[in-house]
Amino acid sequence: KTDDELLKDIFTTAFFTGMRLGELLNMRSSWIDFNQNIITVKNSEDFKTKNKRERIIPIHNKVHSILKKNLPLNKQSANPLVFYRKKDIKVNGDFISKQFKQAIRSAELNENIHFHSLRHSFASALVQRSVSLYAVKELLGHEDIKTTQIYSHSTQSSLSNAIQLL
């Protein structure tokens, strides 16, 4: 629970993309392709993804409007950051994590929820909607399917739905 628009945008984008905090805060306008409706998480001189591989994430409608709103504001740079407080100055990751924790407390949610929980929720929601683990693996940028399997919590309803497919 926060009134800060930038924080809301970052939190929402995290949930609907599954991006890591570092990826979000390093996202540049060149990563966004509205024609193909994708974000390409890219490596650069000053940023490397966790596994040093680029990946493509389709843009959800809620993220599309956030990106459209944020991109035009910082066009002065050759390759502007998507999320920033001041032009070309990255938002601090610790600040975002602390603000997220404060929002969780303000909403009186479980204290065990952290910013990374948004990534976990993204993956779990996809798995619960029967998206293949291989697709989730690619969206998250995992090298090993075993890492993705952490998110594949079987629920009673998903098990019942599986049996109904027979």
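Everything here concerns the structure above.
Read on for an overview of the structure. In this text, all values refer to a predicted model and were calculated from it rather than measured experimentally.

## A short note on the sheet that holds strand β2 (residues 38-41)
For step 1, the next point in the chain: Within the open sheet, the 3 strands sit side by side as β1-β2-β3. Their pairing is antiparallel. Each having just a single partner strand, β1 (32-33) and β3 (55-58) make up the two edges of the open sheet.

## So, the pattern of salt bridges
For step 1, the next point in the chain: The tally for this structure, following the rule as stated, stands at 9 salt bridges.
For step 2, the next point in the chain: Salt-bridge contacts for R20 lead to E23; the nearest nitrogen and oxygen are separated by 3.0 Å.
For step 3, the next point in the chain: According to the relative accessible area criterion, R20 is buried, its value standing at 16%.
For step 4, the next point in the chain: Assessed through its relative accessible area of 1%, E23 is described here as buried.
For step 5, the next point in the chain: Ionic contacts of the salt-bridge type, sharing partners, join the residues E5, K8, D9 and K69 into one network.

## Some thoughts on the nonpolar core
General note: in soluble globular proteins, nonpolar side chains tend to be found buried as a group.
For step 1, the next point in the chain: One finds I10, F11, M27, I32, I39, I96 and F115 to be the most contacted residues of the largest nonpolar core, which totals 30 residues.
For step 2, the next point in the chain: For this core, the elements supplying multiple residues, two or more each, are α1 (5-17), α2 (21-26), β2, α3 (61-70) and α4 (93-106).
For step 3, the next point in the chain: For F11, the contacting residues outside a window of four places in its chain are T2, I96, Q99, F100, A103, F115 and L118.
For step 4, the next point in the chain: In this structure, F122, L126, L140 and Y151 belong to the second largest nonpolar core, which totals 8 residues.

Rules used in this analysis
- Numbering of residues starts from 1 in each chain and follows the order in which that chain's sequence is written.
- Note on the predicted model: pLDDT of at least 70 is required for a residue's local features to be given, and 80 or more for side-chain atom pairs to be given and counted; whole-chain, interface and lining totals, by contrast, use all residues.
- Heavy atoms from the whole structure form the basis of all side-chain values; hydrogens and water molecules are not counted.
- If DSSP finds at least two bridges between two strands, the strands pair.
- Segments assigned H or I by DSSP are reported as helices when at least four residues long, segments assigned E as strands when at least two residues long, and all are numbered from the N terminus.
- Take a side-chain nitrogen of Lys or Arg and a carboxyl oxygen of Asp or Glu: if they are within 4 Å of each other, that pair is a salt bridge.
- Burial classes follow relative accessibility: with a 1.4 Å probe on protein chains only, a residue under 20% of its type's maximum area counts as buried, one over 50% as exposed, and anything between as partly exposed.
- Residues grouped as a nonpolar core are buried Ala, Val, Leu, Ile, Met, Phe, Trp, Tyr and Cys residues, joined through side-chain atoms within 4.5 Å.
- For this analysis, residues touch if any pair of their heavy atoms sits within 4.5 Å.

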